[in-house]
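Architecture at a glance
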Amino acid sequence: MPTQARPSTGEQAKQHALAQLRQAILRGEMAPAQRLVENELAEQFGVTRASIRAALIDLEAQGLVERIRNRGSRVRVVTVEEAVAITECRMALEGLCAAKAAVAASDEQLAELTALGTAMTKAVADGEPVTYSELNHELHARVREFSGQRTAVELLERLNAQLVRHRFQLALRPGRPQQSLNEHLAMIETIRARDPQAAEAAVRAHLGSVIEALRD
């Protein structure tokens, strides 16, 4: 059977453009302050300008795109000051998720966190900062998922999307993965110990360290 053609208009087209644009920004394929030209994007993704415009409005609401008066849209620039403020919010929400996960996680889920810690340790030992950064992101995502705190998870997904570029820059900074690894292993241990207060404290200590690194 022939492959079904991708819709060029309507809600499906907008969702296609939205997903592609979001991933391009999150992967760093579109740099901060890069102009987003509707005609070019419509041609690139095979959709109408209206679909692109609707996708850009959604991305603006998510904090990934900004619209400049009389100049169109561009990838939003997140300053260090904003990154620090976002991380301070993460500290409260991720601390809550870690505390919840320490109580709610199953034995199988705790084993998954342990496996992630082992993989992170190997990535640092092998000098693979990009792999470490991806595992770091995965660990935080799993803790949020295991917490069962859906409201916090939704808020954190929006906040974290704005920090992708800063996260990768920190991961590539010499010595940072080694320091970060110990903080993440402490998070895993306190959750495995089913100690919600210690788990929250470990996350807060880790994100406090992130704030210090961002300000350096």
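Structural data are supplied above this passage.
**Topic: the sheet that holds strand β3 (residues 72–75)**
Spatially, the three strands line up as an open sheet ordered β1-β3-β2, and their pairing is antiparallel. The sheet is open, and its two edges are formed by β1 (35–36) and β2 (65–68), each paired on a single side. Relative to β3, β1 runs antiparallel, the two being bridged by two bridges. Its bridge partner being in β3, R35 is matched across the sheet by R74.

**Notes on the side chain of N136**
Relative to the assigned elements, N136 resides in helix α6 (residues 129–147). Side-chain polar atoms of N136 contact the side chain of H184, separated by 3.1 Å. The residues contacting N136, other than those within four sequence positions of it, are M120, S180 and H184.

**Some thoughts on the side chain of H166**
Its location among the elements puts H166 in helix α8 (residues 164–171). You can call H166 buried: its relative accessible area is 13%. Within the structure, the side chain of H166 is placed 2.8 Å from the backbone oxygen of V78, a separation counted as a polar contact. Ignoring sequence-local partners within four residues, the contact set of H166 consists of V78, T79, V80, A83 and L214.

**Section: the layout of surface pockets**
Here the largest pocket defines a volume of roughly 370 Å³. The set of elements that each furnish at least two residues to the lining of the largest pocket consists of α1 (10–26), α6, α7 (150–161) and α8. Ranked by residue count, the leading element in the lining of the largest pocket is α6, at five residues. Considering only residue class, the lining of the largest pocket consists of six nonpolar, three polar and seven charged. Reported here for the second largest pocket is a volume of approximately 300 Å³. Taken together, 19 residues make up the lining of the second largest pocket; nearest its centre are I25, P32, Q162, V164 and R165. Elements with a minimum of two residues in the lining of the second largest pocket: α1 and α8. If one sorts the elements of the lining of the second largest pocket by residue count, α8 sits on top with five residues. Its residues placed into classes, the lining of the second largest pocket shows eleven nonpolar, five polar and three charged.

**Some remarks on the environment of V75**
In this fold, V75 is placed in strand β3. By relative accessible area, which is 3% here, V75 ends up buried. The sequence separation of V75 and R35 amounts to 40 residues, and the corresponding C-alpha distance is 6.7 Å. Once residues lying within four places of it in the same chain are set aside, the contact partners of V75 are I25, M30, A31, P32, A33, Q34, L36, L64 and E66.

**Observations concerning empty space enclosed by the protein**
Vacant regions in the atomic arrangement are exposed by a probe of water-molecule size rolled over the atoms. Throughout the structure, instances matching the rule amount to one cavity of 30 Å³ or more. Taken as a whole, the largest cavity encloses approximately 330 Å³ of empty space. Broken down by secondary-structure element, the contributors of at least two residues to the lining of the largest cavity are α4 (80–104), α6, α8, α9 (176–192) and α10 (196–215). In terms of residue count, the dominant contributor to the lining of the largest cavity is α6 (six residues). Of the residues assigned to the lining of the largest cavity, the class counts are nine nonpolar, nine polar and four charged.

**A word on the pattern of salt bridges**
One pass over the structure, following the stated rule, counts 16 salt bridges. Residue E189 is joined to R192 by a salt bridge in which the shortest nitrogen-to-oxygen separation is 3.1 Å. Here E189 and its partner R192 are both found in helix α9, three residues apart, which amounts to about one turn of the helix. You can call E189 partly exposed: its relative accessible area is 45%. Owing to a relative accessible area of 39%, R192 belongs among the partly exposed residues under this scheme. Overlapping salt bridges bring together E112, E138, R142 and E145 as one network.

Parameters at a glance
- Residues numbered from 1 in each chain as written.
- Predicted model: local features only at pLDDT ≥ 70, side-chain atom pairs only at ≥ 80, totals over all residues.
- Heavy atoms only, no water.
- Pairing = 2+ DSSP bridges.
- Helix = DSSP H or I, 4+ residues; strand = E, 2+ residues; numbered from the N terminus.
- Polar contact = N/O pair within 3.5 Å; in protein donor to acceptor, adjacent residues only side chain to side chain.
- Contact = heavy atoms within 4.5 Å.
- Buried < 20%, exposed > 50% of the residue type's maximum accessible area, 1.4 Å probe, protein only.
- 1 Å grid on protein atoms, 1.4 Å probe; cavity = no way out; pocket = protein on both sides within 12 Å on 5 of 7 lines; lining within 4 Å.
- Points joined across faces, edges and corners; volume = space filled by probe spheres on them.
- Nonpolar A, V, L, I, M, F, W, Y, C, P; charged D, E, K, R; others polar.
- Salt bridge = Lys/Arg side-chain N within 4 Å of Asp/Glu carboxyl O.

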